[in-house]
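Analysis of the macromolecular model
So the chains spell out like this:
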Amino acid sequence: MQEPAQIGSRKARPEDLDDPSWAWAPYRPDGRRPWSLELAAHLYRRGAFGANWGELEHALADGPELAVSKLLRPKADVAPFNRAYDAYEKAAAGSADGVPAWWLRRLLETPHPVLEQMTLFWHNHFAITNARVKNPAMMCRYLQLLRRNALGRFDALLESVLDEPAVLICLGARANRKARPCLDGARALMEQWTLGPGRFSEPDVQGAARAWTGWFVSQDEAHYIPREHDSGAKKLLGREGDFDRKDLLRLLLEQPATAQLLVRKLYRWFVSETVSPPDALVAPLAADFAKDFDLARLLETVLRSNLFFCGYRQKIKSPVQFAVGLVRALEGTVGTVRLASDLADLGQDLFQPPTLKGWAGGQCWINRFMLPGRAKLAEELLAGSGPYGAKLDPAATASKYGQSAPGAARRFLVQLFFQGDLPEETRQALLNGGSASDSLRGFGGLLAALPEWHLA
Amino acid sequence: MLAFSPVAPGFLGRTALAAAAQSQDRDSVLVVIQLSGGNDGLNTVVPYEDDAYHRNRPTLRLTSERVLKLESGLGLHPEMTALLRLYREGHLAIVQGVGYPDSNRDHEAAMRDWHTARPGETLTQTGWLGRAIDRACKTGQTDVPGVFLGPIPSPFGLQTEEAIVPAIKSSDQWLPAGEWAAASRLDPPGSTAGAPAGANPLPEFLRRATLDASAGAARLQAVRQGAAARGTDGYPDFPLARTLQSVAQFIRADLGIRIFFAELGGGGIGGFDTHAGQAANHGALLRELSESVAAFLEGLRRDRLLDRVWLMTFSEFGRTLSENGRHGTDHGAASPVFLAGGGLKGGLVGPHPSLTDLEANAPKFHTDFRRVYATVLDRWLGFDSLQVLGRKLSPLDLAV
């Protein structure tokens, strides 16, 4: 990308990135790194699912400090919205396609998109799949738990996740008997959800599984049956004792590796997919996080940081972000049952991540079939007829902001989608190519097919 | 695929792209066809000289006058004349008695065993082909080593950890939308001249991916236009034939796909699960299989691609020796696997399973299906079967 001068200059110097106190300090605009429409859009692509024009203009006027605050703590009353959607979702949980469709509808409509970003983050972290659970109502309950705790405390989240019947079923831990401790579940807990790979031994897995015994799923609830708990002494992470599940979680949380794993995952989700951060950058943030596992504070630190704003365009949109971002930018709406199925074809089947590791993301999203698949989806979303109907209309969006003339509407869309961030030749070719009578819908489809639109 | 230097001008990028496409010419291709429902191996490769066969199948038996004779008292189902031709030409290998220890007779569980290649390990998260595909994917490249073509949901055998395997429901689904081809022209790779080392690689990756995908789709379109000019191109009017015609087009368009997965018998009523009134249904399915595969191989031969392709069939289990009183057969165990293509030693592989030494009324296996997998992975695709299957199994001697 031929980055416009002001974007290039906002790059941090290499020596800055090695200095954690600079990296995690809040970004303060200055002459060298001014606040801009591009950075406002960056904030919304990562913290939300993209911005509409009104949100961009407000964020630009607000400056980074206030813009981040508004994202994290929106003025709108979020609770009634989520309560209503919780009810819709539950009512639709009889069918396997109802639950993802309602989540997508919530992503399109929510006044608190950062909460949904974090909910999706947790779905990708505690990546259980309905392909194995085969119970949409349980999956719905699991997701609502993730959402309730998404910005709460990680220790509480972890403990309640292990109480979810869907989670136990997916781990093959429906019956965690004293005589048959569930090694796979214990391994997943340590490898995927807390310590990370290589941070524990096989005897630790056995100790953890034994500590976890006694937990069962019956009648769609998790229950603890004391006589099935192995109360013998266990060795676990260098300790020895009569550990139960509570002790196990405490020991896992005490390990610095757990907070570090989460900080690294959060970094990859929100900051950059192109470089893995050095330990020196991760350690101080992880140490602060480990004090109380407050996720809201951790996320706020990340979103305000110098480092966050240095991660400009260093991430590839997931299919969900690709489509939801398009619809949110244009302030329209589309049918989400069909959308869920199209997104599954593009590799992101909500409630069915490929493995316990979640979606690999990054460059894995893109291949020679998925690019035309994305272009086709954008074309259908914008078509004005067909499976997605007519409620997404770029001309209506442009005229809402006073840009009704054909040339002005095109300039508006380019600005809305890319701000100043497009090679100059491309911008000129876009604005001068075609004839004024070509539909703005087709022009929107063209913009969504440009390589840049896939960058988050 | 060559890695593009971020400073390569656009035209160099395109030249390199063409060169890379040509270099894939020698890559071998595997086409897997799943026969859903449990194919009756005994009426597919018929032991027509065996008394036990005739005794146990009073209404379904195929007599020596009807079968298409191979050798050793074995004959193909009479609807498979096209496969008989391939057999005689040396392009068909029939691996007999394929199965696994303590094989499952439940459709879903048995199919899962074949898909994971880890029988009984219910928590396995990936399929055997999915693992092969993940290992064949390289960061920064946009080739997809495997695709599924068919009207049913993508089979678990293709389940990957990382790569996204396209499920192609109709063959024109991935042709370029006008906007998208235009987008690759509007914003071509190589415009990052002078970008500092260590700069964000993603914009250039996406530009190259867009151009690459657009070029591949243009090749596919050219192939399809050529094919349209040739009418049916010798393919019969079966859904499987149309799917295999698409496979042939994908191969000719050089899209870097090494593994194709297609399916016969699912998505409708019963498929190969012939519990009642088996004769007509089974014959029709075998005819569709036989004629579709033969047309596919004939097309490959015409396009001089036959030596690059192996095709393999499998089913979750065979069926019982004896009829069930409803002119059908029930879930069994071992059954034959067909391999067809160039670069293959044709003929019968291994003996026909005994009809007197049975396992719950069905022929026992003597060749573990994972040995067949190891064969296609090691000897044909050139993938390390140890990595994909998690254990080393001796491959069959099938490659020329």
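Conventions we followed
Within any chain, residue numbers begin from 1 and follow the written order of that chain's sequence. Whichever chain is written first is A, and whichever ligand is written first is 1; the rest continue in order. Per-residue local features are limited, in this predicted model, to residues with pLDDT of at least 70; the limit for side-chain atom pairs, both in listing and counting, is 80 or more; totals at the level of whole chains, interfaces and linings are taken over all residues. Helix and strand assignments come from DSSP, with helices taken as H or I runs of at least 4 residues and strands as E runs of at least 2, each series counted from the N terminus. In this scheme every C-beta is placed from the backbone, and a residue whose C-beta has 20 or more other C-beta atoms within 10 Å is buried, one with 12 or fewer is exposed, and one in between is partly exposed. C-beta atoms are first placed from the backbone for all residues, and any pair lying within 7 Å is then listed as a contact. For the radius of gyration, the atom set is restricted to C-alpha positions; the globular benchmark scales as 2.2 Å times the number of residues to the power 0.38. Being paired, for any two strands, means DSSP has found at least two bridges between them. Axis definition: a line fitted to C-alpha atoms, limited for helices to the stretch in contact. Angles are taken between N-to-C directions and run from 0 to 180 degrees. Each angle gets one of four labels, with under 35 degrees taken as roughly parallel, over 145 as roughly antiparallel, 65 to 115 as roughly perpendicular, and the rest as oblique. Left-handed describes a crossing whose near helix is turned anticlockwise from the far helix through less than a right angle; right-handed describes the clockwise counterpart. Lys, Arg, Asp and Glu make up the charged group, whereas Ala, Val, Leu, Ile, Met, Phe, Trp, Tyr, Cys and Pro make up the nonpolar group; the residues left over, Gly among them, are polar. The predictor reports its confidence for every residue as pLDDT, a score running from 0 up to 100.

As a further point, take the overall build of chain B. Broken down by element type, chain B carries 11 helices and 14 strands. Residue burial in chain B is summarised as follows: out of 400 residues, 55% are buried. Taking as baseline every contact in chain B between residues at least 6 positions apart, the subset at least 24 positions apart corresponds to 73%.

The next thing to look at is the overall build of chain A. Summing up its helical and strand segments, chain A has 26 helices and four strands in all. Its C-alpha radius of gyration of 23 Å places chain A within 12% of the 23 Å reference for a compact globule of 456 residues. Principal-axis analysis of the C-alpha atoms places the extent of chain A at approximately 80 × 55 × 40 Å. Sorting the 456 residues of chain A into buried and exposed places 52% on the buried side. The contacts in chain A between residues at least 6 apart in sequence include a share of 72% that link residues at least 24 apart.

Residues in a regular strand project their side chains so that they alternate between the two faces of the sheet. Residue and element names in this part refer to chain B. Where burial is concerned, most of strand E10 (residues 335–341) is hidden: seven out of the seven residues are buried. One ladder, built from five bridges, connects strand E5 (residues 92–99) with E10; its direction is antiparallel. Across the sheet, isoleucine 94 pairs through a bridge with phenylalanine 338, a residue of E10. Bridging between strand E9 (residues 309–315) and E10 involves three bridges; their strand directions are antiparallel. Pairing of tryptophan 310 across the sheet is with glycine 341, part of E10.

We now examine unusual backbone geometry. Positioned with a positive phi, A:Arg313 is a non-glycine residue whose angle comes to about 65°. In this structure, A:Arg313 sits in the loop between helix H19 (306–310) and helix H20 (319–329). Judged by local crowding, A:Arg313 falls into the buried class, with 21 C-beta atoms found within 10 Å. Unlike most non-glycine residues, B:Asn361 shows phi in positive territory, near 70°. Summarising the element assignment, B:Asn361 is placed in the loop between strand E12 (358–359) and strand E13 (362–363).

All names here are of chain A. For the pair helix H22 (residues 370–382) and helix H26 (residues 440–449), the least separation of the axes is 9 Å and the interaxial angle reads 155°. With respect to H26, the axis of H22 lies roughly antiparallel. Considering only the axes of H22 and H26, their crossing is right-handed. Facing H22, whose interface residues are Ala375, Ala378, Glu379 and Leu382, H26 presents Arg441, Gly444, Gly445, Ala448 and Ala449. For the contact of H22 with H26, a count of residues per class yields five nonpolar, two polar and two charged.

This part covers the pairing of strand E6 (residues 146–149) of chain B. Residues and elements named next belong to chain B. Here E6 shows two buried faces, one formed by Gly146 and Phe148 and the other by Val147 and Leu149. Of the pairings in the sheet, the one linking E6 to strand E8 (residues 259–264) comprises three bridges and is parallel in character. Residue pairing for E8: valine 147 is matched across the bridge by phenylalanine 260. Note that E6 and strand E7 (residues 167–168) share two bridges and pair parallel. For phenylalanine 148, the partnering residue across the bridge sits in E7 and is alanine 167.

What follows concerns the interface of chain B and chain A. Reports of interface size often rely on the accessible area that becomes lost once the parts have come together. Of the residues lining the interface, 42 residues belong to chain B; the matching set on chain A comes to 41 residues. Elements supplying a minimum of two residues to the side of chain B that touches chain A: helix H6 (178–186) and helix H7 (202–229) of chain B. It is H7(B) that provides the largest number of residues to the side of chain B that touches chain A, a total of 11 residues. Residues belonging to the side of chain B that touches chain A are distributed by class as follows: 22 nonpolar, 13 polar and seven charged.

Residues and elements named next belong to chain B. In this model, chain B carries a mean pLDDT of 89, and residues with pLDDT of at least 70 account for 88%. Under a pLDDT of 50 for its full length, residues 1–25 has, in the predicted model, 29 contacts with residues more than four places off or in other chains. Two summary scores accompany this predicted model of the complex, namely pTM at 0.93 and ipTM at 0.93.

To continue, consider the sheet that holds strand E2 (residues 45–46) of chain B. All names here are of chain B. Spatial strand order, E2-E4-E3: three strands in an open sheet with antiparallel pairing. In this open sheet, the two strands that pair with only one neighbour each are E2 and strand E3 (68–69). One ladder, built from two bridges, connects E2 with strand E4 (residues 75–76); its direction is antiparallel. Bridge pairing links valine 45 to leucine 76 in E4.

All names here are of chain A. Their axes nearest at 9 Å, the elements helix H7 (residues 98–109) and helix H10 (residues 136–149) cross at an angle of 30°. As summarised for this structure, H7 and H10 are arranged roughly parallel, according to the angle between their axes. Every residue of H10 that contacts H7 at Gly98, Val99 and Trp103 is listed here: Pro136, Met139, Cys140 and Leu143. Looking at side-chain class alone, the contact of H7 with H10 contains six nonpolar, one polar and no charged residues.

Moving on: the environment of A:Trp215. All names here are of chain A. Mapping tryptophan 215 onto the fold places it in strand E1 (residues 215–218). Distance from tryptophan 215 to glutamate 228, taken between C-alpha atoms, is 7.9 Å for residues 13 residues apart in sequence. Apart from the residues within four sequence positions on either side, tryptophan 215 is in contact with Leu168, Ala173, Asn176, Ala222, Tyr224 and Arg245.

We now examine the confidence of the model for chain A. Of all residues in chain A, 96% attain a pLDDT of 70 or more, and the chain-wide mean is 94. This stretch, residues 1–10 of chain A, has a pLDDT under 50; its non-local contacts, to residues over four places away or in other chains, come to 18 contacts.

Quick look at the environment of A:Thr119 now. For A:Thr119, the location among the structural elements is in helix H8 (residues 113–125). For A:Thr119 and A:Leu143, which are 24 residues apart along the polypeptide, the C-alpha to C-alpha distance reads 7.5 Å.

Structurally, A:Tyr85 can be placed in helix H6 (residues 78–91). Of the residues examined, A:Tyr85 has 18 C-beta atoms within 10 Å and is grouped as partly exposed.

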